[in-house]
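Structural description and commentary
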Amino acid sequence: MSEKFDIPFKSSFVPAVLEPGAKIKFNCHKGISCFNACCKHADIQLTPYDILRLKDNLAISATAFLKNHTVPYEMDKDGIPGVKLRTDNDGACLFVTDEGCSVYKDRPTACRYYPIGHMAMREAGASDDEAHYFLIQEDHCKGHEEEREVAVDDYRKEQEVEIYDQINREWLQLMLKKKSAGPTIGRPSDTSLQFFFMCSYDVDRLRRFVLTDSFKASYDLDDKFYETVEKEDLALMQFGARLLKQVLFGDITIPVKENAAENRVEERKEILALRRKAEIEVHKQKQEQQMKDALS
Ligand code: SF4
Ligand code: SF4
């Protein structure tokens, strides 16, 4: 394997790697003595699909969700932006109630998987990535003392994580690609980091960007595509991952219009000429006013 696990939470425990087909001894239920203990120390990283589900659950925009319910963090040393669920000052998730999770049906991937950690890895030279799992055992979690045994695959089905993994797949591959490219890529520019944030997490801003005339002039996409992404967040989010792959890694899957680059240069020249003309006009008006003031 090429690297260590990234542990998605703060814990002093060394995770135990789970072999394919492994079973875990674990059960979590409302009557357990530690009920809600994990949510009172929440360090939950969010994926793009987590954000869509949660903002729909709360019936707010992605931009409002990001502003009010998340905190930013850097996912790697190059500053690739990630987002985590916001907590109160004691570290408790803002969604935890005495009755349990108030957004349970749309809870994030990390909450569904717990106490299983997971990550995709790619062997050197392999064309596909493989999922790897490990067990997180923390003192406060008494679920490990329960009698039930469950296979990892069955636990994933029970927690309905498969759809999350499937939808986030392209975005997760992008993260793997970034990691395997290593230091050759270096720290992306601030503009690229902002572009990454928008494409990954903020479908509202991404939609406005994709529907601009300059975007339409750059990419060869039909009306049906624009009708779909105007209405459907999921389609737009998945397009965002493709756009990132194309722009940041040159993985071309979105057709580019011929002469798009030249047209952009021409457009920019026209804009600069118009701006220059406007500045000269303002300067002239100021000078005239100064002369009038001097003569009065
Ligand atoms: S989202 Fe729900 S399950 Fe996840 S930490 Fe918050 S309260 Fe707990
Ligand atoms: S058993 Fe573990 S996962 Fe379930 S409520 Fe207790 S601490 Fe949380």
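Topic: the overall build of the protein chain
Looking only at helices and strands, one finds 11 helices and nine strands in the protein chain. Classification of the 296 residues of the protein chain by burial places 21% in the buried group. At a minimum sequence separation of 6, the contacts of the protein chain that also span at least 24 residues come to 70%.

As for the site of ligand 2
Residues in close proximity to ligand 2 include Cys28, Ile32, Cys34, Phe35, Asn36, Ala37, Cys38, Tyr114, His140, Cys141, Lys142 and Gly143, which together make up its full environment. Residues that form the shell around ligand 2 fall into these classes: eight nonpolar, three polar and one charged.

Looking at helix α2 (residues 62–69)
Those residues of α2 that fall on the buried side of the exposure criterion are Ala62, Phe65, Leu66 and His69. One side of α2 holds all its buried residues, which, seen down the axis, span an arc of 105 degrees. In this structure, α2 carries Ala64, Lys67 and Asn68 as exposed residues pointing more than 90 degrees from its buried face.

Quick notes on the sheet that holds strand β7 (residues 116–121)
Backbone-to-backbone hydrogen bonds pair the strands of a sheet. The strands run either parallel or antiparallel. The strand order across the open sheet formed by three strands is β1-β8-β7, and the pairing between neighbours is antiparallel. The open sheet has two edge strands, β1 (16–18) and β7, and neither has a second partner. Across this sheet, the average inter-strand angle for adjacent strands is 35 degrees, counted without regard to direction. Note that β7 and strand β8 (residues 130–135) share six bridges and pair antiparallel.

Quick word on the site of ligand 1
As a matter of local geometry, ligand 1 sits amid Cys39, Ala42, Ile44, Cys93, Phe95, Val96, Cys101, Val103, Arg107, Pro108 and Cys111. Residues of the shell around ligand 1, tallied by class, amount to 10 nonpolar, no polar and one charged.

Considerations on the confidence of the model for the protein chain
Counting all residues, the mean pLDDT for the protein chain is 87, and 85% of those residues have values of 70 or more. Every residue in residues 1–10 is under pLDDT 50, and counting partners more than four places away or in other chains gives 15 contacts.

Concerning the nonpolar core
Formed by 44 residues in total, the largest nonpolar core has its most connected members in Ile44, Ile51 and Tyr114. Elements supplying a minimum of two residues to this core: α1 (48–57), α2, β4 (81–85), α3 (109–113), α5 (162–181), α6 (190–201), α7 (203–210) and α10 (233–249). Take this core: its biggest share by element is six residues, from α10. Structurally, this core is a two-domain feature, drawing no fewer than three residues from each of domain 1 (16–180) and domain 2 (188–249). Among residues more than four places away in sequence, those in contact with tyrosine 114 are Cys38 and Ile136.

Quick look at the pairing of β8
Strand direction decides the pairing type here: β1 and β8, joined by three bridges, are antiparallel. In the strand pairing of β8, leucine 18 is matched with tyrosine 133.

Describing the packing of α1 against α10
Two elements in contact, α1 and α10, have axes separated by 11 Å at closest approach and are oriented at 160 degrees. What the angle tells us is that α1 and α10 run roughly antiparallel. Pair α1 / α10 crosses with right-handed handedness. Across the interface between the two elements, Pro48, Tyr49 and Leu52 from α1 touch Asp233, Leu234 and Met237 from α10. By residue class, the composition of the contact of α1 with α10 is five nonpolar, no polar and one charged.

What to know about the packing of α7 against α10
Running from N to C, α7 and α10 cross one another at 75 degrees; their axes reach a closest spacing of 10 Å. When the axis of α7 is compared with that of α10, the two are roughly perpendicular. On α10, the residues touching Val203, Leu206 and Arg207 of α7 are Asp233, Leu236, Met237 and Gly240. Residue classes in the contact of α7 with α10 are distributed as four nonpolar, one polar and two charged.

About the thresholds
Residues numbered from 1 in each chain as written. Chains lettered and ligands numbered in written order. Predicted model: local features only at pLDDT ≥ 70, side-chain atom pairs only at ≥ 80, totals over all residues. Helix = DSSP H or I, 4+ residues; strand = E, 2+ residues; numbered from the N terminus. Buried ≥ 20, exposed ≤ 12 C-beta atoms within 10 Å, placed from the backbone. Contact = placed C-beta atoms within 7 Å. Near = placed C-beta within 6 Å. Nonpolar A, V, L, I, M, F, W, Y, C, P; charged D, E, K, R; others polar. Arc of directions from axis to C-beta. Pairing = 2+ DSSP bridges. Axes fitted to C-alpha atoms, helices over the stretch in contact; angles between N-to-C directions. pLDDT = per-residue confidence, 0-100. Core = buried A, V, L, I, M, F, W, Y, C linked by C-beta atoms within 7 Å. Domains from an automatic or database assignment. Parallel < 35°, antiparallel > 145°, perpendicular 65-115°, else oblique. Left-handed = near helix turned anticlockwise from the far one by under 90°.

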